[in-house]
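Here is how the chains run, residue by residue.
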Amino acid sequence: MKVLVAVKRVIDYNVKVRVKPDNSDVDLTNVKMAMNPFCEIAVEEAVRLKEKGVATEVVVVSIGPKVAQEQIRTALALGADRGILIETEEKLESLTVAKLLKAVVEKEQPQLVLMGKQTIDSDNNQTGQMLGALTNMAQGTFASEVAVDGDKVNVTREIDGGLRTVALKLPAIVTTDLRLNEPRYASLPNIMKAKRKPLDVTTPADLGVAMTSTLSLVKVTPPAERQAGIKVGSVEELVEKLKNEAKVL
Amino acid sequence: MAILVIAEHDNATLKGATLNVVTAAAAIGGDVVVLVAGSNCGAAAEAAAKVAGVSKVLVADNAAYEYQLAENMGELVAELGKEYSHILAAATTTGKDFLPRAAALLDVNMLSEVTAVVDADTFSRPIYAGNAIATVKSSDSIKVMTVRGTAFDAAAAEGGSAAVETVAAVKDAGLSAFVGEELAKSDRPELTGAKIVVSGGRGMQNGDNFEMLYKVADKIGAAVGASRAAVDAGFVPNDMQVGQTGKIVAPDLYIAVGISGAIQHLAGMKDSKVIVAINKDEEAPIFQVADYGLVADLFDAVPALENAL
């Protein structure tokens with residue numbers, strides 16, 4: 001079974017993002033970039049499926065500027081077999097990303113598509129679901145467990161009330177939640193080996209997808225700041241303040 | 001202009017999140033039509049008809065919608081939604097699951113977790129875990145969005161008398177099936193709707209120690225939440241997680257116990273009216289957002305708090 005994993009280059013999760021003084025966008029100049037953490041979980045899951053003998057090949061795809069090859073190489077170092085970069089400098093909206101991934105799905109014909117449930121930059125949580133609609137595939141979003149069983153896959157999903165398991169016909173799309181697995185670190189020999197793994201570069205035009213945009217950014221502002229309050233000396237003082245000052249008890 | 005709101009419900013009852021979405025729809029302006037898609041969901045539809053400000057309720061009652069599977073819901077919402085200017089759902093795990101599918105079938109983009117309506121085309125939403133707020137203008141023919149419940153007041157659950165209309169269309173994609181569910185059973189209020197939330201973090205040390213928080217919560221009618229660290233460590237189940245990728249809460253009072261205050265967690269609770277932090281590390285970032293901070297060992301402070309309440 002072939003597994004396709006989509007990954008995105010985003011701001012490193014340890015970096016606190018800052019809004020530009022002119023409120024036009026966030027400032028990403030000279031900021032450390034990395035693979036989106038949810039995408040890393042997707043790569044790990046795909047590699048584990050291969051180690052279990054369920055997956056035969058793990059293909060990693062990313063969409064973005066030339067430097068996004070770094071994130072594909074990271075995925076290859078973690079155990080993926082080959083990479084595809086859809087190179088574009090343009091700003092990406094979820095629907096366009098889903099259309100580009102659909103073109104890759106049609107070409108590669110994977111049985112399972114793994115991707116993060118959301119990226120930590122736009123926080124959209126849309127692309128996997130959109131890809132599912134465009135390819136008419138079943139989806140298992142916010143997955144905490146994935147079990148391939150013959151021609152279907154059982155996915156346990158983290159939902160508001162607890163956990164829900166659904167059975168999906170293959171081919172299917174799974175988007176990962178935090179507790180699906182703990183991604184490994186790439187070893188030095190594997191990082192070296194990854195440099196020799198195949199990485200094809202294509203473009204949206206090659207895939208026949210127009211880069212349209214329907215969302216324009218009016219402004220980006222910092223959130224309302226919260227001021228630190230006071231320190232209380234005891235539980236009694238705390239309860240007294242909550243009752244008489246804040247009036248919330 | 002008419003706005004389609006997709007109801008959040010469990011077939012028997014209408015979930016509170018729907019009421020917040022109705023308020024967001026009213027802020028956009030236009031007739032508000034609520035779709036209740038479920039199986040034997042007449043009671044939920046009746047409840048929706050009573051919500052103030054709702055002009056019509058559409059009911060799609062079929063076994064295909066019993067569990068609101070995204071594949072079936074996506075097709076139904078895309079089919080019915082064509083005639084509307086806006087399609088709104090709650091930013092719950094259900095809304096987030098099916099709404100992007102509907103948007104893609106309509107060939108439009110979608111806005112997630114909308115927190116403010118600027119005008120009928122322009123909306124604000126948090127990005128980068130709430131560290132920035134983006135105001136976005138959409139040129140799509142139909143505006144599709146999930147709405148963050150804590151950002152909008154709940155519409156009155158009573159007072160409306162909308163007509164209820166049956167939808168004949170049945171969309172069964174036949175791609176997925178419900179297998180089972182493990183739902184947390186609790187007599188405490190739901191996290192996202194509770195007036196008071198008591199949350200525990202890594203400092204709780206294990207799941208048994210959460211019993212202390214349950215005792216405090218039961219004295220003041222609070223819901224109990226947790227930080228990602230506590231969930232990842234296996235102390236408590238995932239449905240208790242408050243944060244960027246968990247639940248977003250904004251109660252009148254939020255009591256953070258043994259929580260350091262990672263950005264991820266703050267993104268889920270910093271709109272609470274009053275924040276209390278109990279932590280033995282006085283340098284913990286949680287104190288920077290807390291209205292009342294108590295530097296103390298939680299194993300002394302929490303039982304003392306229970307006694308003082």
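On a predicted model such as this, the values are computed, not experimentally measured, just so you know. (Residues numbered from 1 in each chain as written. Chains lettered and ligands numbered in written order. Predicted model: local features only at pLDDT ≥ 70, side-chain atom pairs only at ≥ 80, totals over all residues. Heavy atoms only, no water.)

1. Some thoughts on the side chain of asparagine 279 of chain B
Residue and element names in this part refer to chain B. Tracing the chain through its elements places asparagine 279 in strand β15 (residues 274-279). Within the structure, asparagine 279 has its side chain in polar contact with the backbone oxygen of isoleucine 259 (distance 3.0 Å). In contact with asparagine 279, not counting residues within four places along its chain, are Gly258, Ile259, Ser260, Ala284, Ile286, Phe287, Leu294, Val295 and Ala296. (Helix = DSSP H or I, 4+ residues; strand = E, 2+ residues; numbered from the N terminus. Polar contact = N/O pair within 3.5 Å; in protein donor to acceptor, adjacent residues only side chain to side chain. Contact = heavy atoms within 4.5 Å.)

2. Observations concerning the pattern of salt bridges
Within the structure shown, the criterion is met by 30 salt bridges over all chains. The shortest N-O distance in the salt bridge between arginine 148 of chain B and glutamate 113 of chain B comes to 2.8 Å. Of this pair, arginine 148 of chain B sits in the loop between β9 (143-147) and β10 (163-166) while glutamate 113 of chain B sits in strand β5 (residues 110-114), placing them 35 residues apart in sequence. As far as the burial class goes, arginine 148 of chain B and glutamate 113 of chain B line up, both buried. Residues participating in the shared-partner salt-bridge network are Lys2, Glu57, Arg82 and Glu108 of chain A. (Salt bridge = Lys/Arg side-chain N within 4 Å of Asp/Glu carboxyl O. Buried < 20%, exposed > 50% of the residue type's maximum accessible area, 1.4 Å probe, protein only.)

3. Re the UniProt feature "domain: Electron transfer flavoprotein alpha/beta-subunit N-terminal" (unreviewed entry) in chain B
The feature "domain: Electron transfer flavoprotein alpha/beta-subunit N-terminal" (unreviewed entry), as given by UniProt, occupies residues 3-182 of chain B in the numbering adopted here. The distance from the first to the last C-alpha atom of residues 3-182 of chain B is 34 Å, and the span holds 25% helix and 33% strand. (UniProt positions renumbered as here; feature names shortened; annotations may be inferred.)

4. Points about the environment of aspartate 107 of chain B
Take aspartate 107 of chain B: it is sitting in the loop between α4 (93-105) and β5. Taking relative accessible area as the criterion, aspartate 107 of chain B reaches 45% and is therefore assigned partly exposed. Not counting chain neighbours up to four residues away, the residues in contact with aspartate 107 of chain B comprise Leu95 and Lys99 of chain A.

5. Comments concerning the environment of arginine 226 of chain A
Summarising the element assignment, arginine 226 of chain A is placed in the loop between β14 (215-221) and β15 (230-232). Contact partners of arginine 226 of chain A, with chain neighbours within four places excluded, come to Lys270, Asp271, Ser272, Lys273, Val274, Ile275, Gln288, Val289 and Asp291 of chain B. Side-chain polar atoms of arginine 226 of chain A contact the backbone oxygen of lysine 270 of chain B, separated by 2.8 Å. For arginine 226 of chain A, the side chain forms a polar contact with the side chain of aspartate 291 of chain B, separated by 2.8 Å.

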